[in-house]
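Breakdown of the fold
The residues making up each chain are set out below.
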Amino acid sequence: MLGRDCYAKEDIVSLLEATDPVDIEAIRRQAEAVLLENCGGDVFLRGLVEFSNICACDCLYCGIRKSNQAVRRYLLSQEEIVQAAIQCAQRGYGSYVLQSGERQDEPFIQFVEQAIRAVKRQTTGGHLPQGLGITLSIGEQSRETYERLFAAGAHRYLLRIETSSPSLFRALHPPAQGFEERLACLRALRETGFQVGSGVMIGLPGQTIEDLADDLLFFRDLDVDMIGMGPYIVHRQTPMARHRETVAAQRPRILTQALLMIAVARLVLRDVNIVATTALEAMAPQGQELGLSFGANVIMPPLTPASASNDYTLYEGKPLAADGGDQLEQARQARIRSLGREIGLNRWGDPLHYFRRKAQPAARASCD
Ligand code: 5AD
């Protein structure tokens, strides 16, 4: 079943059901081989700045949901965002991710446009003739807003579908936040010209292996360029904290499942970028390296200033911020190299899938 061109849902389910360490290791090795063959061994680092936790959404799992009164809300200054970007470029990361809670108001959109332009201006030159590559992760916006943000200079966008099961999506979100709207945003992003990333949480209460297999098929059908998936982790100050015990009991299995999802995503989608998420690191020591060894090729080290990072707790146990400084950075890079992988420094590290789909728009259809 390993090493196919095309995977049916049953194949994906049986790979995701693996429990025997020998089988899991075989899947891991195959995923690594597919990665090396399709993308090479470079790991790309993207500095992540969580520039605001002000959020108009009320997702039932998320610690910074609008209804959580216990959160101190913040918006970094333009200067703090640019400073973190300069640090990002100095470390050789090549790309920068601007993430925040979701707001659609005009002052916010203007703020983001201004930040994108300032980061580009301040990081262009030397190794980066076009400045840092900029990825946005600021949620659902109108098509017009996406066009403005793209015109300002961002060229990648992450918007997780959270789960591709419409009924599970409904159980995780208030009625005002619909599945169809999320899907329409993903399509609008793609039409705008962004490299588009999506993803899901793994281990959600009520989520089945079939749902996870459908998630991977969803990514394939949507023809995404990037994937970011991680374990669901309970946050106490959310309605879903009532599932705390059930989730805790499944913790070891959720970690394995998250790693298998990365590996099988690599087998099925081959040339996309896959991130080893921070939530993986929160679940297991060296979780991110595990993610890389199961087929991920991107890491997003946090660059959010420590003063703000404590207030950006989407889930509990999130590794705290920035800035370990240069020594920690050296250690990180040494750990990546010890996996036999190189670090793609001073390059944007765009997903090869994006260029291939541009060159051959019909290529995916052969899988149907
Ligand atoms: N556990 C894991 N991931 C979470 N996210 C939000 N809350 C949690 C949680 N409790 C993820 C969502 C969102 C991304 C920014 O963070 O998938 O898209």
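Structure first, text after, so check above.
These remarks concern the structure in this document. (Residues numbered from 1 in each chain as written. Predicted model: local features only at pLDDT ≥ 70, side-chain atom pairs only at ≥ 80, totals over all residues. Heavy atoms only, no water.)

**Comments concerning helix α8 (residues 209-222)**
The condition that has to hold: Where helices and strands are cited, they refer to DSSP runs of H or I of at least four residues and of E of at least two residues respectively, numbered from the N terminus. Here, expected helix span is obtained from the residue count minus one, scaled by 1.5 Å. The cut-offs for exposure are 20% and 50% of the maximum accessible area for each residue type, with area from a 1.4 Å probe on protein chains only; residues under the lower value are buried, those over the upper are exposed, and the others partly exposed.
The terminal C-alpha atoms of α8 lie 20 Å apart, and with 14 residues this matches the ideal 20 Å at 1.5 Å per residue to within 8%. Within α8, 11 of the 14 residues are buried, leaving the element largely enclosed by the surrounding structure. Residues Ile209, Asp211, Leu212, Ala213, Asp215, Leu216, Leu217, Phe218, Phe219, Arg220 and Leu222 constitute the buried set of α8. One or two steps after α8, the chain reaches Asp223, where phi turns positive at roughly 60 degrees.

**Quick word on the pairing of strand β3 (residues 133-137)**
Rules: Two strands qualify as a pair provided DSSP detects at least 2 bridges between them. Orient the strands so they point away from the viewer, and a crossover whose first-strand-to-second-strand path over the helix runs clockwise is right-handed.
For β3, the tally of buried residues reaches 5 of 5 residues, placing the bulk of the element in the interior. Burial of the side chains of β3 extends over both faces: Gly133, Thr135 and Ser137 are buried on one face and Ile134 and Leu136 on the other. Pairing between strand β2 (residues 95-100) and β3: 5 bridges, direction parallel. Along β3, the bridge assignment pairs Tyr96 with Ile134. Assessed by its sense of winding, the connection that carries the chain from β2 through helix α4 (residues 106-123) to β3 is right-handed. Handedness of the β3-helix α5 (residues 143-152)-strand β4 (residues 156-158) crossover: right-handed.

**Some thoughts on helix α7 (residues 179-192)**
Operational definition: In what follows, a contact means two residues having at least one pair of non-hydrogen atoms within 4.5 Å.
For α7, spanning 14 residues, the distance from its first C-alpha to its last is 20 Å, which sits close to the expected 20 Å at 1.5 Å a residue. Considered for burial, the residues of α7 that qualify are Phe179, Arg182, Leu183, Cys185, Leu186, Ala188, Leu189 and Thr192. Lining the buried residues of α7 we find α5, β4, α6 (166-172), β5 (195-198) and α8. At the exit of α7 stands Gly193, carrying a positive phi of roughly 115 degrees.

**Structural notes on the side chain of Ser52**
Defined as follows: Here a polar contact is taken to be a pair of N or O atoms separated by no more than 3.5 Å, where protein atoms must pair a possible hydrogen donor with a possible acceptor and residues adjacent in sequence count only if both atoms sit in side chains.
Structurally, Ser52 is set in strand β1 (residues 42-52). A polar atom in the side chain of Ser52 sits 3.1 Å from the backbone nitrogen of Ile54. Leave out the neighbours within four places in its chain, and Ser52 touches Tyr74, Leu75, Gln99, Ser100, Gly101 and Tyr312.

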